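Structural overview
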Amino acid sequence: MLKVFVAALAGLTLSAAASAQTVVEGQDYTLLETPVATVADDDHIEVTEVFWFGCPHCYALQDTVDEWYETLDDDVEVVKMPATMGGNWNTHATAFYAAQSLGIEEELHKDFFDAIHQDGQRLTDEDDIAAFFANYGVSEDDAKKALNSFPVRSETNKANSRMRAMRLMGVPALVVDGRYVITPSTAGGLENMPVIAEALIEQVRSERDE
């Protein structure tokens, strides 16, 4: 009960901070000249979390954003998108979409991060990834088929196209409504990223109500 109360209090604090926050273009966030097409339903506000499993800053951000996601209203949809910048980035993106296609991504997501940053696993080899997937009831053969499937390659390519359209040169990043890009640099630190994003969500709501 205490844990639930503390989590609720943290959510209220974040919402209050966001509502009082005056965000400034070019200072707190970057506005894309050409909005990126969102994948959320039209009546939802999309928040895209762009990450790389191998990124220590992305790993450090996870608990903060996961707690924040729990406080979001029903009109907000979170989309996790792995960054694709070649090499191991693309391998991990493929692993993300393969896990998604197999229905184990939500269960696996935090564990995959932990395996890399706590246990020292690289998880950049197909055999190692397939063996990791086996922990979630997927045969290594099925895992390898998913990793090499056309739909997974297609999703990875789409992520690459979206990332380029977002003009991202690094991660982590939060992109609100396909227009507003928030990075640790613009937000003034990892912990401020959800606060800026929350304020921009409110801004999008206001725009849609006009």
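Along each chain, the written sequence defines residue order, and numbers are assigned to residues from 1. The predicted origin of the model limits local features to residues at a pLDDT of at least 70 and limits the giving and counting of side-chain atom pairs to 80 or more, whereas totals for whole chains, interfaces and linings rest on all residues. Side-chain descriptors were evaluated using all non-hydrogen atoms of the structure, hydrogens and water having been removed beforehand.

Moving on, we come to the overall build of the protein chain. If you tally the helices and strands in the protein chain, you get nine helices and five strands. Tracing the protein chain from N to C terminus, the helices and strands come up as α-β-β-α-β-α-α-α-α-α-β-β-α-α. A compact globule built from 210 residues would reach a C-alpha radius of gyration of about 17 Å, and the protein chain, at 18 Å, matches this within 12%. Note on contacts: a residue pair is in contact if any heavy atoms of the two residues lie within 4.5 Å. Long-range contacts, defined as pairs at least 24 residues apart, comprise 72% of the intrachain contacts of the protein chain with a sequence gap of at least 6. Helix and strand assignments follow DSSP, with helices taken as H or I runs no shorter than four residues and strands as E runs no shorter than two, numbered in order from the N terminus. Computation of the radius of gyration draws on C-alpha atoms alone. For the globule rule, the value is 2.2 Å times the number of residues to the power 0.38.

Here V171 and P172 are connected by a cis peptide whose omega angle stands at 5 degrees. Turning to its location among the elements, P172 is positioned in the loop between α7 (150-165) and β4 (173-176). One non-glycine residue, L123, lies in the positive phi region at around 50 degrees. Among the structural elements, L123 can be located in the loop between α4 (105-117) and α5 (126-133). Between buried and exposed lies partly exposed: a residue is buried under 20% and exposed over 50% of the maximum accessible area for its type, with that area taken using a 1.4 Å probe on protein chains only. Residue L123 is classed as buried on the basis of its relative accessible area of 2%. Phi at R167 is positive, roughly 60 degrees, even though this residue is not glycine. Position of R167 among the secondary structure elements: in the loop between α7 and β4. The class for R167 is exposed, based on a relative accessible area of 70%.

Any carboxyl oxygen of Asp or Glu that lies within 4 Å of a side-chain nitrogen of Lys or Arg is treated as forming a salt bridge with it. Tallied over the full model, the rule gives 13 salt bridges. Residues E207 and R179 are paired through a salt bridge, measuring 2.8 Å at the closest nitrogen-oxygen approach. Residue E207 is found in helix α9 (residues 193-209), and its partner R179 is found in the loop between β4 and β5 (180-182); the two are separated by 28 residues along the sequence. Here E207 falls in the partly exposed class, since its relative accessible area comes to 32%. Residues joined in a network through salt bridges with shared partners are D73, D75, E202 and R205.

For the rest of this paragraph, the subject is the environment of V24. Within the secondary structure, V24 sits in the loop between α1 (2-20) and β1 (30-31). Along the chain, V24 and D141 lie 117 residues apart, while their C-alpha atoms are 50 Å from each other.

We now examine α7. Working rule for helices: expected span equals 1.5 Å times residues minus one. In this model, α7 (16 residues) spans 22 Å end to end at C-alpha, consistent with the 22 Å of a helix rising 1.5 Å per residue. Elements in contact with the buried residues of α7: β2 (45-51), β3 (76-82), α3 (87-101) and α6 (140-147). Positive phi appears at R167, one or two residues downstream of α7, with a value of about 60 degrees.

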